[in-house]
Amino acid sequence: MLKHQSHIVAPIPDELRTRALYTVDQLRDRGKADREAIDQLFELIVELTEAGLDFFFLEPLRRLNASNMMMGMARMGISSMLKGSKMVVHKVLKKLDDRSLAAILDFIDEIIHEPEPS
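In this report, we go over the structure that sits alongside the text. (Residues numbered from 1 in each chain as written. Predicted model: local features only at pLDDT ≥ 70, side-chain atom pairs only at ≥ 80, totals over all residues. Heavy atoms only, no water.)

Further remarks concern the overall build of the chain. Counting its regular elements, the chain contains 4 helices and 0 strands. Starting at the N terminus, the α and β elements of the chain follow one another as α-α-α-α. Dimensions along the principal axes, computed over C-alpha positions, put the chain at roughly 45 × 40 × 25 Å. Considering the chain as a whole, with its 118 residues, one finds that 25% of them fall into the buried category. Expressed as a percentage of contacts within the chain between residues at least 6 apart in sequence, the contacts between residues at least 24 apart total 75%. About 8500 Å² of surface is accessible on the chain, with carbon and sulfur atoms providing 58% of the total. Computed over 16 positive and 19 negative side-chain charges, the inter-centroid distance for the chain is 7 Å. (Helix = DSSP H or I, 4+ residues; strand = E, 2+ residues; numbered from the N terminus. Buried < 20%, exposed > 50% of the residue type's maximum accessible area, 1.4 Å probe, protein only. Contact = heavy atoms within 4.5 Å. Areas by Shrake-Rupley, 256 points an atom, 1.4 Å probe, with all protein chains shown as cover. Lys, Arg positive; Asp, Glu negative; His and termini not counted. Charge placed at Lys NZ, Arg CZ, Asp CG, Glu CD.)

Moving on to the layout of surface pockets. Its volume calculated, the largest pocket comes out at about 740 Å³. If you trace the largest pocket, you find 20 residues lining it, with Ile8, Val9, Ala10, Ile111 and His113 closest to the centre. Considering each element in turn, the lining of the largest pocket owes the most residues, 3 residues, to helix α2 (residues 35-63). Within the lining of the largest pocket, the residues separate by chemical class into 11 nonpolar, 3 polar and 6 charged. (1 Å grid on protein atoms, 1.4 Å probe; cavity = no way out; pocket = protein on both sides within 12 Å on 5 of 7 lines; lining within 4 Å. Points joined across faces, edges and corners; volume = space filled by probe spheres on them. Nonpolar A, V, L, I, M, F, W, Y, C, P; charged D, E, K, R; others polar.)

By the secondary structure assignment, Arg17 is in helix α1 (residues 14-30). Buried within the structure, Arg17 lacks any salt-bridge partner; its nearest side chain of opposite charge belongs to Glu114, at an N-O separation of 4.0 Å. Non-local contacts of Arg17, meaning those with residues more than four positions away in its chain, are made with Ile12, Ile112, His113, Glu114 and Pro115. (Salt bridge = Lys/Arg side-chain N within 4 Å of Asp/Glu carboxyl O.)

Printed below as a string of structure tokens:
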């Protein structure tokens, strides 16, 4: 679906991509939105969010050689955003049923791609 729309891209480390795809497959096979699945999904979403926030907010500052003070202020703002996001995601995931879990796993599977060959 996303390939048919304009979209933005944020790189993630290969290790995170591998772990994310493994987690999606593992949770899909289990098919249960139990506490363990919700905890695993929460951790994965937090890590993907952290990678995206770093790329979209800190990477431009790094490329501009921003001062330590500017980077510190940006990190503080991102930390606040992440705390708020964690609260919302945790609250939503607590109410997850099996069908909703499958939908979220499909979404994560849809947004993660391997690098294109050079």
